[in-house]
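# Survey of secondary and tertiary structure
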Amino acid sequence: MRTTSSITVGRAAELGRLGSALAAARQRSGRAVFLLGEAGIGKSRLAGECAYQAYGLGLPVLRGRGSSTGTVTPFRPLIEALSSRFRAAGPPTDPELDPYRPALARLVPEWRGAAASAAGAGAYPETVVELAEALLRLLAVLGRDAGCVLLLEDLHDTDAETVAVLEYLVDNLAGLPVLLVGTLRAERGPALDLVRAAERRRAAAVSELRPLPPADVRAMAAAVLESDAADVPAAVLETLADRADGSPYLIEELLADMLAGGALHRAGGRWEVAGGLRTGVPSTIVRSWGRRIDQLDPPVRDLLLTAATLGSRFSVATVQLITGYDDRTLFSHLRSASEANVIVPDGAAPDRYAFRHTLTAAAVTAALAPAERAAVARRAARAILRADPELADERRQLVASLLLAGGDRTGAAVHFAEAGRRVLEAGAAGSAVVLLERAHELAGDAERAAVTEQLLPALAEAGQLDRAFELVRTLPPVRPEPAAACAAAVRGPATDRRVDLHTRLAWAAVMAERAAEAAAQVAAARALSGAHPRPEQDAALVVVEGHLALLPDHAPTAPEGGATAAGAPGDEHPGRARLARTEALARRAAEVAERSGLPVVACQAWQLLALLARERGFDDADACLERMLAVAEAHALPVWRVEALLRLGANAFMRTGDGARLERARQAAAGLGAIVLTQTLDGLLAMNAVLRGEWRTAREIVDRCLDATARLNNVPAHRYLLLGSATLAAHRGRGREMERELVRFRQAGGEESFLMPLRHGLCRAIGALLAEDRAGARAELAAGLAWEQEHPNVFYLAGRHGLHPLLEVAEGHWQRPDLTRAMAAPATELAWNRQFLGFAEAVLLGREGRPRDAARAVDEARAAAAPFPLAHHLALRLTAEAALADGWGDPVGWLRTAEEYFHEAGVQPVAAACRALLRRAGASVAQHRGGRDAVPAGLRSCGVTLREYEVLALLTDRPGNQQLARTLSISPRTVEKHVANLLAKTGRPDRAALCDLAAEVCAGP
């Protein structure tokens, strides 16, 4: 008979919690629930009940589990979970997942071909957090209609990358139709740490399963025996209570043993005990399984002993490699073991089997003597190595585990180290650290240094720099190698490996802005490479030293495009000579790297050169970036290609105001699955839209990306989007909204970042000008300039090279020499700055008594300002005031144009100032009555009122004044006045010309 319970006993509270969580997921209130307890306590039963309820409600269930074989396979539970859903139904085709498919290809095999095609020969090594965000988007799509369940079991056996993904999911499920259910034992490890931390911050619910009390033990026994609780013999209940420790699994196994041995049988419709119940726990369970295995045919017994050595789940292919059975024999034996209820097919993977429970496999192997267990493990390892010398990653880890179980620590260390190296190459640094740490622990003295050299780069890539710097100090000195004391050409491989190792650690430290550690690693590499380093090693070190040269003042590259550099042209910065030398060395390093076949080093060098070259001008900087792009494309380095496109796009926007190249770079980043780079580009495009007055586009980008950058902890992009949101409010004249957004910017650490010049000049200064607070604007610009003087950084659009000179000239503080010096900087060629400088030049020309030149300068400045409507009209307002004072140009026309723009934009302080200046000039001021939007913009800018436009519209049929008066119900004298105003405002010579104008612009009003 069946010896499993048909119901779940004693877990009403846990079932209620899971049911509530399912209901919440259906209402887009996602959450995480973890089931914690020892083996056999009932975690899988509860998980199965949850899945059954979800299926009944129509929710998709994605089910995976950790590896029970001890192998470390990055993301295995997640791959298995997605495969369990997509194997039959296929992956979703929703267009909104397009940007995430390249990242998800790591988890979804069906998308790997498309991702490789999009990425070229290389694959983008997405961060775990990027992958987690992509998975979150996928789960949201799967659960969009009714919710979905991600069910992951045995998390205590999972890999570091999966734990990192789960941590991200747990913190970001709120508001999504997703329920995450995880099961694990209370064993020390990353998974338990994650669950406890999530519980403390109330990000997840944790149910710790306790042993069943006696009443529930009775109920479960009755369910197994398919009888009433009162009919279960007292001796059976006493034995279960004494020896099962309240474990549902052990209750079932003890009952099965009683039934199989005949100690418990049914007679006359009642259960009776025959003889004594000698079952014990856990040793009796072991003996019980030993007896069951011994009753099987010897080949089946040997197969099960071999399979149990591999873990509670095993691959058919691996067992076949070890045993050498043909397909027919193998599956015959597996069928016999399955019929004996020892193993079951693994539903998550069609080519795998599992023992009935984790404890089943342990009990089977425990039945063997230690020497026999070791012999079985060694025999299995030898068979796998003989059949598959190359060893795939997971199989290599299995061989290492078998060798360790067989007593061969050295052999196990070798295979764990090789598995770690391969996993690191695949981009899973966390799993690589686990494997290499295991190898490091097992290695003997002779092998430990070599394993350490492999472990250090993995620690650096995993972000464990403190551990890496601690461990590197334990490396023994490199021994002198034969003939290695003279030149690089005869330096030995051990020294070269150590130089490369220190260089990699130095680069990691530079990227983390840890200048002291970076300098120490560079010094160690230089000491080993001597006075005559290999050219390729020297090139890699020069690139690291070049970035290190920028670190003392902690000056990272700004998203806006500001380069880490010595300062503005004309400034005597103490680091200028050092950076000039750095540039010369970096150029030579780029050439050496290209000749030596080191494309990554070449890309790093050209990127550094592009930053430094901006001091001379953007042509030089773009030339470096174009070379970087060519190297990346020639060597199939997709991530470096996107980096080059991003920087070229940022330069193109600054030079022309056109964001087309930024858009193309974003498409490339999204196609690659480079989520962090995509978000960086989104921030640039949002600021681009703000400067171009495309308010709706800017708002849409910020709203779409802000939460995602916070979830990914992409701090630079998040801060930049917050600043973009504040700048958007400032450019719309919404001061209170700007201040609210700047509070969020400050809370995100923005005021400790290198965005402060933009905050002063591009945001607050513009906001002050739109509030007609010119003194406040000058103060903000001065604060931005002072900040830049204290930091070796150039923010090209922050006001220093454009708005600041215009204000200083307009206020009379700058004369011709001041403007000439300012215009010598390469940044003045950028479109945003060029417009302001053009207006500043016009003001000076007018003040110098050159009205024609001044008017021509305004025309040129307006052409340059065309992409930036707000800046264009703000500069017109400032220039018109100076033109009125100095008597040149068309200040009335400019003021009407600016007044019309700011009135329509809802920026009333500037509109009112324009009207006041018009009155001072003796010009008529338009009244903004309701319906005035019907007046074409060109006529509104001339000051044509709504009533005047009505008169003009009727002139298309060339009527007389009497007829116009009757039509409009006004006097003929009033008509004459309106016609005269129209002639004056439109500049038409006579009534006939005015009628022609009416025919052009007023058709069908």
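See above for the structure.
What this report covers is the structure whose coordinates are included nearby. Bear in mind the structure is a predicted one, so any value in this text is a computation, not a measurement. (Residues numbered from 1 in each chain as written. Predicted model: local features only at pLDDT ≥ 70, side-chain atom pairs only at ≥ 80, totals over all residues. Heavy atoms only, no water.)

## A short note on the overall build of the chain
- Within the chain one finds 48 helices and 10 strands.
- Structurally, the chain occupies a C-alpha span of about 125 × 85 × 45 Å along its principal axes.
- Taking all 1005 residues of the chain together, the buried fraction comes to 55%.
- Between the mean site of the 117 positive side-chain charges and the mean site of the 120 negative ones, the chain shows a separation of 2 Å. (Helix = DSSP H or I, 4+ residues; strand = E, 2+ residues; numbered from the N terminus. Buried < 20%, exposed > 50% of the residue type's maximum accessible area, 1.4 Å probe, protein only. Lys, Arg positive; Asp, Glu negative; His and termini not counted. Charge placed at Lys NZ, Arg CZ, Asp CG, Glu CD.)

## Some remarks on helix α2 (residues 43-57)
- Look at α2: 21 Å from first C-alpha to last across 15 residues, which is about the 21 Å you get at 1.5 Å a residue.
- Inspection of α2 places K43, L46, A47, C50, A51 and A54 among the buried residues, and these make up the whole buried set. One side of α2 holds all its buried residues, which, seen down the axis, span an arc of 140°. Along α2, exposed side chains directed more than 90 degrees from the buried face belong to Y52, Y55 and G56.
- One or two residues past the end of α2 sits G58, with phi positive at roughly 85°. (Expected span 1.5 Å × (residues − 1). Arc of directions from axis to C-beta.)

## Structural notes on the state of the cysteines
- Under the counting rule described, the total for this entry stands at zero disulfides.
- In this model C50 remains outside any disulfide bridge; the closest cysteine sulfur is found in C148, 11 Å from its own. (Disulfide = S-S within 2.5 Å.)

## A short note on the packing of aromatic side chains
- For the structure on display, the rule yields eight aromatic pairs.
- Taking the centre distance of 5.3 Å and the plane angle of 75° together, the rings of F618 and Y796 count as edge-to-face. Here F618, found in helix α28 (residues 618-634), pairs with Y796, found in the loop between α36 (774-790) and α37 (803-810); they are 178 residues apart in sequence, far enough to count as distant.
- The buried category is assigned to F618, whose relative accessible area is 0%.
- For Y796, a relative accessible area of 3% gives the class buried.
- Members of the aromatic cluster, connected to one another through ring pairs, are F314, Y353 and F355. (Phe/Tyr/Trp six-rings, centres within 6.5 Å; stacked < 30°, edge-to-face > 60°.)

## Notes on the pattern of salt bridges
- Scanning all chains against the criterion turns up 62 salt bridges.
- Two residues, R210 and E208, come together in a salt bridge whose shortest N-O distance is 3.8 Å.
- On the accessibility criterion, R210 (54% relative accessible area) is exposed.
- Here D622 and R655 are joined by a salt bridge, their closest N and O atoms 2.9 Å apart. Pair noted here: D622 is in helix α28 and R655 is in helix α29 (residues 638-656), with a separation of 33 residues, a long-range link.
- Looking at D622, the relative accessible area reads 15%, which means it is buried.
- Among the charged side chains, a salt-bridge network with shared partners connects R816, E841, E848, R850, D853 and R856. (Salt bridge = Lys/Arg side-chain N within 4 Å of Asp/Glu carboxyl O.)

## Some points on the pairing of strand β3 (residues 148-153)
- Here β3 lies mainly inside the structure; six of its six residues are buried.
- Of the two faces of β3, the one carrying C148, L150 and L152 and the one carrying V149, L151 and E153 are both buried.
- Here five bridges tie β3 to strand β4 (residues 178-184), and the two strands are oriented parallel to one another. If you follow V149 over to β4, its bridge partner there is L179.
- Read from β3 through helix α7 (residues 160-171) to β4, the crossover connection turns out right-handed. (Pairing = 2+ DSSP bridges. Right-handed = clockwise from strand over helix to strand, strands pointing away.)

## Quick notes on the pairing of strand β10 (residues 352-355)
- With burial as the criterion, each face of β10 is covered, one bearing R352 and A354 and the other bearing Y353 and F355.
- Where strand β8 (residues 313-315) and β10 come together, three bridges link them in antiparallel fashion. When the sheet's bridge partners are listed, S315 is paired in β10 with R352.
- Pairing geometry for strand β9 (residues 343-345) and β10, over three bridges, is antiparallel. Bridge pairing links I343 to F355 in β10.

## Description of the sheet that holds β9
- An order of β8-β10-β9 is seen for the three strands of this open sheet, with the pairing classed as antiparallel. At either end of the open sheet lies a strand with only one pairing partner, and these are β8 and β9. Averaged over all neighbouring strand pairs, the angle between strand axes comes to 30°, with direction disregarded.
- Against the sheet, helix α14 (residues 316-323) engages β8 and β10, with an angle of about 70° to β8. (Axes fitted to C-alpha atoms, helices over the stretch in contact; angles between N-to-C directions. Contact = heavy atoms within 4.5 Å.)

## Let's talk about the packing of helix α39 (residues 831-847) against helix α41 (residues 869-886)
- Taken N-terminus to C-terminus, the directions of α39 and α41 make an angle of 5°; their axes are 9 Å apart at the nearest point. Looking at the two axes, α39 sits roughly parallel to α41. Contacts between α39 and α41 involve W832, Q835, F836, F839, V843, G846 and R847 from the first element and A871, H872, A875, L876, T879, A882 and D886 from the second.
- Residue classes in the contact of α39 with α41 are distributed as eight nonpolar, four polar and two charged. (Parallel < 35°, antiparallel > 145°, perpendicular 65-115°, else oblique. Nonpolar A, V, L, I, M, F, W, Y, C, P; charged D, E, K, R; others polar.)

## Considering the environment of A768
- Structurally, A768 is set in helix α35 (residues 756-770).
- A residue is classified by how much of its surface remains accessible, and A768, at 10% relative accessible area, is buried.
- On a C-alpha basis, the gap between A768 and P77 in space is 55 Å, while along the polypeptide they are 691 residues apart.
- Sequence-distant contacts of A768, that is, excluding residues within four places in its chain, are made with D773, G776 and A777.

## A word on unusual backbone geometry
- The phi dihedral of N341 is positive, around 65°, even though this residue is not glycine.
- Along the chain, the position of N341 falls in the loop between α15 (327-339) and β9.
- Non-glycine residue A636 carries a positive phi angle of around 55°.

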